[in-house]
Amino acid sequence: MSFKRRRADSWQEDIPGARWFKADLHVHTIDDHPGRATLPPALSGDPADPDVIQQYARQFLQATVAAGVQVIGLTPHSPRAGTDPCGSAVWAIVDRWNEDNDDDGVPFREKIFAVFPGFEPNVNDGRNGIHLLFLFDPDIGRDRYLALYDAVMDARQPWRHGALQPTRRDASEVFSVLDQRRDESAGNPFEWRYVVLAPHFQGDHGVLAEMRSQVLDRFPCDRLCGYELGDEKLPSAFNREKRPGSFLLPFMEAHRQAFFHASDAYSINDIGRRHTWLKLATPRVEALRQAFVASDSRLRVGFAADRDGGLREIGDPPDVTVRERPWPWLKQVRVDGGASFFRQEGGNALNIRLSPDLTCVIGGSMTGKSTLLDGLRVHTRALLPSDKSIREQVEKRASLVFRAGSAHVELDCPGTDPTAPLAERWPAQFFSQNELQRLAQESSAVEDILARLVPSEMEGIAERTAKLRSLDGEAQRKAGRLEELDEELAEAEQALDRAIAARDALAVFSAAGVARLHEAGRDLQRWNDAREGATAIQSALGNASQGIRGLDVPELEDDTAPVSVRQVADLERRRVQLSDQIISAISEFETWAKDIAGVADSLNQHQDHVRIEVEEALASHGLNASKLREIQELSRQASFVPSYEANFGQTRRSLEAAERAFHNALDERRQLVDKQRGAFDRVLVEVEQAFDGRIRASRIDDGDCGPLETFILDLRQRGITRWWNELADGSRPSPQDLTERLARLSSKSKLGAGPQGSLRPIAVTPLGGIGMSSAVQATFLESVTHAKQRHLAALRCPDRYVLDLRMDDGNYRRLDELSGGQRVSVLLSLLLETDDERPLVIDQPEDELDNRFLFETVLPALKRLKGCRQVIVATHDANVVVNGDADMVIQLEATASRGHVARAGAIEDTAVRDAIIRTVDGGEEAFRLRHRKYGY
């Protein structure tokens, strides 16, 4: 009976390329009902009844789905449920998985990725026989599958009176039979026809339990892909210091074998009780074999030790779709229309699909690898390179992709808010060509990477870093506020001093008789006013007298006029009389005015006498008589004394409170720096341990002198600048050091007169201890005012972290002393060792790396990152793609003006494998030539 596999495309739609699956590769079926296997409680009847078998197969698949298992190995001791040679529950399960739907209408093949039919014979080795698990592709077909089992058993019945019988063949003979049958099927597209595993290898009928330390010599262990751990064991239970790890682990490493967990379930309720996470690109046995061969990249045991010494299911499985908190990843980039470099013919949109783990972008020169990554970097508004020339190159290439014309770009980032900014949905960390080499020279980049190396310290370090930056700004703001309060207090004090001085002056004036002087002045002023009034009237009377003298009574010529001569004569008489009276009054008024002037003169002499007495009294109190002219202003100033006293007191209290807050902030910062250094000390220890001393990290306290250098240069004093520039690295003081030295040094008590009136230290001073000459010290003390000292105290020079690489001779060299490639090697090592979940995008990291470092450090780290971080690498190195075990390979091709995806998929895909050979291996002939030259 042949098997025709039906398509199930949803798996690749969910996760492009190779992806993780929860696998249970050791599950018994009802075919083993003569032994421990039983029907589910809801099912009754004869286990060999075809109808019962079909119902059982459906319930088996539903139990598998309920357990979350996506890859299942069907491994009964016997694949037949009864005497009917074709009555197999295993094959009923395979058929239903391939053909049927679940109760919700979704095909089982869309819920379970792979079903591998197999069996667990008891081969004739050891004292009691050894169990082995054989797994096959369903494509082998039911008849061939059952025939292979019969050949393994060599016509012996597996069950006898409920007991499992061993085959007559030992393991070597079983393998020979299977290989012979495989060879007879030449032309079948599946070259590797089965995978063999060692179940419960330390338990009953296990290879190790049956053959002990002789197992490697007497049993064909090289044919095994993996060893099933006991329920209570983890791979960490084995080490090279004691048996069996001392002899088994080196063998496993040499033969690319792995430990795994499986349930050994006899009941459908136990499916997935123990399981392993496997990464597969296809539901084939070949992909299963690849997972064991590349176990450092494609296999994760699904359990960890709990506090009680038992095992618990891991809470962070590598499958991004089932994690409670998945890491951020980009699933697809879609570029549609416009004049983009990646525009497609016929108006079709370009779709680039990426793995949540390792994606390698390959292609020849000018095919758009860097263009694609730089376009993503700019489009998502990720941090651009700090180096100007690299940044310009990135922006130029990016303009060809997503900014050209009216190109429409869509990014599919599963599990994120589609309305959030792209930098939040996909917070990728990018490194363009040559950027890592430049970053290796930046202390801040090294610190940022170190901060993410140890998960237990990472969050605390990040919080303290943010707090320290906040406190730095707060300290500077408080120092600035203190400077303002200093000025406000000085102004308030001056105003109060002026008011008090005015009040005191008024008190002295009062004691000196100023009041009597004021009385004399007021009397004099009134009499002077009277004199000025009399003078004015006297002048007016003189003018009136002259007018009357010139006034004549006219004569009459007309005798007939109605006026008598007598009337005219009377008027003349009266004029003469008035004139005489006015002249007499004027004379009398002149006498009166002279008497008034005499009184005023007498009062003026009295005032002068009083003034002399007052001035003598003021002089005795040290006051200038000129203050007498300011008596009114002094009176006004003196009235403000109460309000000025209140303002001065309030300002002083504000200053004192600000001083306390300033020093509290500095104390808090010092304590935080100490905690941060303690955390980094623990990180540095782990770095050295993680890299076995090959990379060493250390801290230079206050090593980033940039903030202090800016302060020093801003003083704009040539001597001070020269002193700073001449200090050797490592000998420059910190802001705190300078502040403490200034606190111990008082310019008044420590400085004396030098030659020609210059200032010089009398003895060796704290400033002299840091290389300042006498002249520079004097200039420094004059330049660093009290306000500047506060700003100096507010400064913090961040610690600087340096990396050392152990050379082949055992000596260490600093990062800045290494070649460009070595610097990149060290920095890339740390980047890949961090627990940072942000996607990592690197353009051609191999450009500066040697293959030794690539194999010893970079590739193992890339494999460890799988299941916890998305990594995208553009590369032309086959080692990165193949030995890094890329989960998705994207081959780009391009014409003069247009790029496109030529191939995309996992390495297991034949077309993708051929593309890798052509693109990064130089073609098949070059590949074969290298093999011949190496003698492999």
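Counting starts from 1 at the beginning of each chain's written sequence and moves along it residue by residue. Given that this is a predicted model, residues contribute local features only at a pLDDT of at least 70 and side-chain atom pairs are listed and counted only at 80 or more, while totals for whole chains, interfaces and linings are drawn from all residues. Calculation of side-chain values draws on the structure's entire complement of heavy atoms; hydrogens and water are dropped beforehand.

Draft legend 1. Geometry of the overall build of the protein chain. Strands are runs of DSSP state E lasting at least 2 residues, helices are runs of H or I lasting at least 4, and numbering of each runs from the N terminus. Each helix and strand in the protein chain was counted, giving 31 helices and 29 strands. Relative to the 2.2 N^0.38 estimate, which gives 30 Å for 936 residues, the radius of gyration of the protein chain is 51 Å and therefore markedly larger than a compact globule would have. We call two residues contacting when some pair of their heavy atoms lies within 4.5 Å. Counting contacts in the protein chain only where the partners sit at least 6 residues apart, residues at least 24 apart contribute 74% of the total. Accessible area for the protein chain stands at about 45800 Å²; split by element, carbon and sulfur atoms hold 47% of it. Both definitions apply: the radius of gyration is a C-alpha atom measure, and the globule rule equals 2.2 Å times residues to the power 0.38. The Shrake-Rupley method, run with a 1.4 Å probe sphere, supplies the accessible areas, and residue values consider only the shown protein chains as cover.

Draft legend 2. Region of interest: the nonpolar core. Judged by nonpolar contacts, the single largest core of 70 residues is most densely connected at Leu 132, Phe 134, Phe 219 and Tyr 227. The residues touching Phe 134, leaving out its near neighbours within four places in the chain, are Pro 117, Gly 118, Phe 119, Pro 121, Val 174, Phe 175, Leu 178, Tyr 194, Val 195 and Val 196. In these notes, a set of buried Ala, Val, Leu, Ile, Met, Phe, Trp, Tyr and Cys residues joined through side-chain atoms within 4.5 Å is what counts as a nonpolar core. Any residue under 20% of the maximum accessible area for its type is buried, any over 50% is exposed, and the rest in between are partly exposed; the area is computed with a 1.4 Å probe on protein chains only. Leu 439, Met 807, Ala 878 and Val 881 belong to the second-largest nonpolar core, a separate cluster that totals 57 residues.

Draft legend 3. Highlighting the environment of Glu 483. Structurally, the position occupied by Glu 483 is in helix α16 (residues 455-511). Here the alpha-carbon distance between Glu 483 and Leu 655, two residues 172 residues apart in the chain, equals 9.3 Å.

Draft legend 4. Examining the confidence of the model for the protein chain more closely. Of all residues in the protein chain, 90% have pLDDT values of 70 or greater, and the mean over the chain is 86. The score called pLDDT rates the predictor's confidence residue by residue, from a low of 0 to a high of 100. Scored below 50 in pLDDT, residues 747-763 makes 27 contacts in the model with residues more than four places away or belonging to other chains.

Draft legend 5. Here's a closer look at the pattern of salt bridges. A pairing counts as a salt bridge when a side-chain nitrogen of Lys or Arg comes within 4 Å of a carboxyl oxygen of Asp or Glu. For the structure on display, the rule yields 55 salt bridges. One salt bridge connects Asp 799 with Arg 677, and the closest N-O pair in it is separated by 2.8 Å. Remark: Arg 677 occurs in helix α20 (residues 641-690) and Asp 799 occurs in the loop between α26 (786-794) and β24 (800-806); sequence separation between them is 122 residues. Judged by its relative accessible area of 12%, Asp 799 is buried. Between Asp 887 and Lys 866 there is a salt bridge, with the nearest N and O atoms lying 3.4 Å from each other. Residue Asp 887 is found in the loop between α29 (878-883) and β28 (888-894), and its partner Lys 866 is found in the loop between α28 (851-865) and β27 (871-874); the two are separated by 21 residues along the sequence. Taken as a pair, Asp 887 and Lys 866 share a single burial class, namely buried.

Draft legend 6. Layout of the packing of aromatic side chains. Only centres within 6.5 Å qualify two rings of Phe, Tyr or Trp (six-membered ring in Trp) as a pair; their planes then separate them into stacked at under 30 degrees, edge-to-face at over 60, and tilted for everything else. Counting across every chain of the model gives 25 aromatic pairs. Look at Phe 21 and Phe 113: their rings are 4.1 Å apart centre to centre, the planes differ by 10 degrees, and that puts the pair in the stacked class. Taken together, the residues span a long stretch of sequence, with Phe 21 in strand β1 (residues 19-27) and Phe 113 in the loop between α3 (89-99) and β3 (114-119) at a distance of 92 residues. The exposure class assigned to Phe 21 is buried, which follows from its relative accessible area of 0%. Owing to a relative accessible area of 6%, Phe 113 belongs among the buried residues under this scheme. Relative to Tyr 227, the ring of Phe 201 lies with its centre 5.4 Å away and its plane at 65 degrees, an arrangement referred to as edge-to-face. Taken together, the residues Phe 201 in the loop between β9 (194-198) and α6 (207-211) and Tyr 227 in strand β10 (residues 226-228) connect sequence positions 26 residues apart.

Draft legend 7. Summary view of unusual backbone geometry. Cis geometry is found at the peptide bond from Arg 243 to Pro 244, where omega equals 0 degrees. One can find Pro 244 in the loop between β10 and α8 (245-254). Positive phi outside glycine occurs at Asp 264, with the angle close to 50 degrees. Assignment of secondary structure puts Asp 264 in the loop between β11 (258-260) and β12 (276-280). Positioned with a positive phi, Asn 434 is a non-glycine residue whose angle comes to about 70 degrees. By relative accessible area, Asn 434 is classed as partly exposed at 39%.

Draft legend 8. Inspection of helix α11 (residues 369-379) at higher detail. The element α11 is extensively covered by neighbouring structure, given that ten of its eleven residues are classed as buried. Within α11, burial applies to Lys 369, Ser 370, Thr 371, Leu 372, Leu 373, Asp 374, Gly 375, Leu 376, Arg 377 and Val 378. One or two residues past the end of α11 sits Arg 381, with phi positive at roughly 60 degrees.

Draft legend 9. Broad picture of the sheet that holds β24. When DSSP finds at least two bridges between two strands, those strands are taken to pair. A sheet is described by the order of its strands in space; here three strands give the open sequence β21-β24-β25, paired in antiparallel fashion. Strand pairing shows two members of the sheet lacking a second neighbour, β21 (695-700) and β25 (812-814), which therefore form its edges. On average, each strand axis in the sheet is tilted by 35 degrees relative to the strand beside it, whichever way the strands run. Sheet topology note: the β24/β25 ladder contains three bridges and is antiparallel. Bridge assignment links Leu 805 to a residue of β25, and that residue is Arg 813. Here an axis means a line fitted to C-alpha atoms, over the contact stretch when the element is a helix, while the angle between two N-to-C directions is reported on a 0 to 180 degree scale. Sitting on the sheet, helix α15 (residues 443-451) is in contact with β21 and β24, with an inclination near 80 degrees to β24. Across the sheet, α20 touches β21 and β24, and the angle it forms with β21 is around 160 degrees.

Draft legend 10. Up close: the state of the cysteines. Note on terminology: disulfide denotes any pair of cysteine sulfur atoms within 2.5 Å. Following the criterion strictly, the structure yields zero disulfides and no others. Residue Cys 225 stays outside any disulfide, its sulfur separated by 12 Å from that of Cys 221, the closest cysteine. Overall, Cys 225 belongs to the buried group, its relative accessible area being 8%. With no disulfide partner, Cys 797 has as its closest neighbouring cysteine sulfur the one in Cys 705, 5.3 Å distant. The class of Cys 797 is buried, set by a relative accessible area of 1%.

Draft legend 11. Expanded view of the sheet that holds β10. If you trace the nine strands from one edge of the open sheet to the other, you get β11-β10-β9-β6-β3-β2-β1-β12-β13, paired in mixed fashion. For this open sheet the edge positions go to β11 and β13 (299-301), each flanked by a neighbour on one side alone. Strand-to-strand twist across the sheet, computed as the mean angle between neighbouring axes with direction ignored, equals 30 degrees. Relative to β13, β12 is paired through three bridges, and the arrangement is antiparallel. For Leu 278, the partnering residue across the bridge sits in β13 and is Leu 299.

Draft legend 12. The arrangement of helix α5 (residues 171-184) in detail. By this rule the span expected of a helix is its residue count minus one, scaled by 1.5 Å. The end-to-end C-alpha distance of α5, which contains 14 residues, comes to 20 Å, matching closely the 20 Å that a straight helix rising 1.5 Å per residue would cover. Within α5 the residues assigned to the buried category are Ala 171, Val 174, Phe 175, Val 177, Leu 178 and Asp 179. Of the surrounding secondary structure, the elements contacted by the buried residues of α5 are β4 (122-123), β6 (133-136), α4 (142-153) and β9. Any pair of N or O atoms that falls within 3.5 Å is considered a polar contact. Within protein, one atom must be able to donate a hydrogen and the other to accept it, and sequence-neighbouring residues count only if both atoms are side-chain atoms. Backbone nitrogen of Ser 172 and a side-chain oxygen of the N-cap are separated by 3.2 Å at the start of α5; the cap is Asp 170.

Draft legend 13. Geometry of the packing of helix α21 (residues 706-714) against helix α22 (residues 718-726). One can describe the packing of α21 onto α22 by two numbers: an axis separation of 8 Å at closest approach and a directional angle of 155 degrees. Put simply, α21 runs roughly antiparallel to α22. For the pair α21 and α22, contact is made by Leu 708, Glu 709, Ile 712 and Leu 713 and by Ile 720, Thr 721, Trp 723 and Trp 724, respectively. Class assignment of the residues belonging to the contact of α21 with α22 gives a composition of six nonpolar, one polar and one charged. The labels follow the angle: roughly parallel below 35 degrees, roughly antiparallel above 145, roughly perpendicular from 65 to 115, and oblique for the rest. Residues are grouped as follows: Ala, Val, Leu, Ile, Met, Phe, Trp, Tyr, Cys and Pro are nonpolar; Asp, Glu, Lys and Arg are charged; every other residue, Gly included, is polar.

Draft legend 14. Geometry of the environment of Leu 280. Within the secondary structure, Leu 280 sits in strand β12. Distance in space between the C-alpha atoms of Leu 280 and Gln 689 is 33 Å, their sequence separation being 409 residues. Setting aside anything within four residues of it in sequence, one finds Leu 280 in contact with Gly 17, Ala 18, Arg 19, Phe 21, Val 71, Phe 113, Ala 287, Leu 288 and Ala 291.

Draft legend 15. Structural context of the pairing of β3. The buried fraction of β3 is high, at six of six residues. Burial along β3 is two-sided: the residues Ala 114, Phe 116 and Gly 118 and Val 115, Pro 117 and Phe 119 are all buried. With four bridges connecting them, strand β2 (residues 71-74) and β3 associate as parallel partners. Note on β3: the bridge partner recorded for Ile 72 is Val 115. Both β3 and β6 contribute to a ladder of two bridges, which runs antiparallel.

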